[in-house]
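# Overview (structure and organization)
What follows is each chain in one-letter form.
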Amino acid sequence: MSKRLIINADDFGLCRAQNYGIIETFEHGVVSSTTAIVTSPAIEHAAWLAERFPELPVGLHFMLSWGKPLTPLTSLVNEQGELNKGIWHKSEAGELDLAEISGELASQYQRFVAIFGQQPTHIDSHHHVHMLPTIYPLVESFAKAHDLPLRIDRGEIARHGLTVTHPQSCDRFDDRFYGAQLTQTDLLQLLDEASEQGAHSLEIMCHPSFIDLEMQGSSYCQPRLNELAILTDPALPALIAERGYRLTSYREWRSDTT
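Procedures and definitions
Residues numbered from 1 in each chain as written. Predicted model: local features only at pLDDT ≥ 70, side-chain atom pairs only at ≥ 80, totals over all residues. Heavy atoms only, no water. Salt bridge = Lys/Arg side-chain N within 4 Å of Asp/Glu carboxyl O. Helix = DSSP H or I, 4+ residues; strand = E, 2+ residues; numbered from the N terminus. Buried < 20%, exposed > 50% of the residue type's maximum accessible area, 1.4 Å probe, protein only. Phe/Tyr/Trp six-rings, centres within 6.5 Å; stacked < 30°, edge-to-face > 60°.

## Notes on the pattern of salt bridges
- Overall, the coordinates contain 12 salt bridges when judged by the stated rule.
- One salt bridge in this structure joins Arg 159 and Glu 156, with 2.5 Å as the shortest N-O distance. With Arg 159 and Glu 156 both in helix α6 (residues 154-159) and three residues apart, this pair spans about one turn of that helix.
- Classification of Arg 159 by relative accessible area gives exposed; the value is 61%.
- Take Glu 156: its relative accessible area is 22%, and that puts it in the partly exposed class.
- Residue Arg 172 pairs with Asp 174 through a salt bridge whose shortest N-O separation is 3.7 Å.
- Because the salt bridges share partners, they merge into one network encompassing Asp 10, Asp 124, Arg 151 and Glu 203.

Encoded structure:
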């Protein structure tokens, strides 16, 4: 029996270059899913592309650490009303307003449905903020209430002494396909490690993109283009299949279990 592999491209909607890069790696590579930032400037462009590629599974990339929120998040924004990476410190200090965060999650979900005309296939988050021990329980509860699969880093959850009660998630999530010197070998090693540890399902995140003026302002710019090249290598699908993996998505996952 083949193992399930989801290669999810984060940041759909970040900018046009990112959007086109995700479409390229889905149409001509091994990306099998994406997640959209509904608060990003190019989200309407992402939705326009999604209409033209309806087979692309699109989930919600919950945002709490960049840009501007949809609701008044007084416990998280700076003087300019912008989200930032201070969320980690505030989480550790017990300074988060969880009711505000729940409201923001609901608003981002509702905007996703309004823009894309359907439910997201699943939920994950920018900078993995939903894995913070203060935030994870409310995101898991929301996902369960809406019958949505959820990206779960089970090792991170265990380190915080939390328990996973959501059945719709991969056995393993790996965030290590990220960095300036990535190679195809790095990607295949992640598959091999998961197999050695007995995982029957694996999700790997990625950020493939072309480069435009907006992307040039990102601290993670050139590596995205390298990811795109790796993920569209014509030899890669066969190498994945040789390791007993079948590319899939949470959309197919849900249809298999309903």
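## Details of the packing of aromatic side chains
- On inspection of all chains with the given rule, the structure shows three aromatic pairs.
- Taken together, a centroid distance of 4.5 Å and an interplanar angle of 25 degrees make the contact between Phe 112 and Phe 116 stacked. Within this pair, Phe 112 and its partner Phe 116 are both found in helix α4 (residues 98-116), separated by four residues, close to a single helical turn.
- Given the relative accessible area of 0%, Phe 112 is considered buried.
- For the pair Tyr 178 and Tyr 220, a centre-to-centre distance of 4.0 Å together with 10 degrees between the ring planes defines the contact as stacked.

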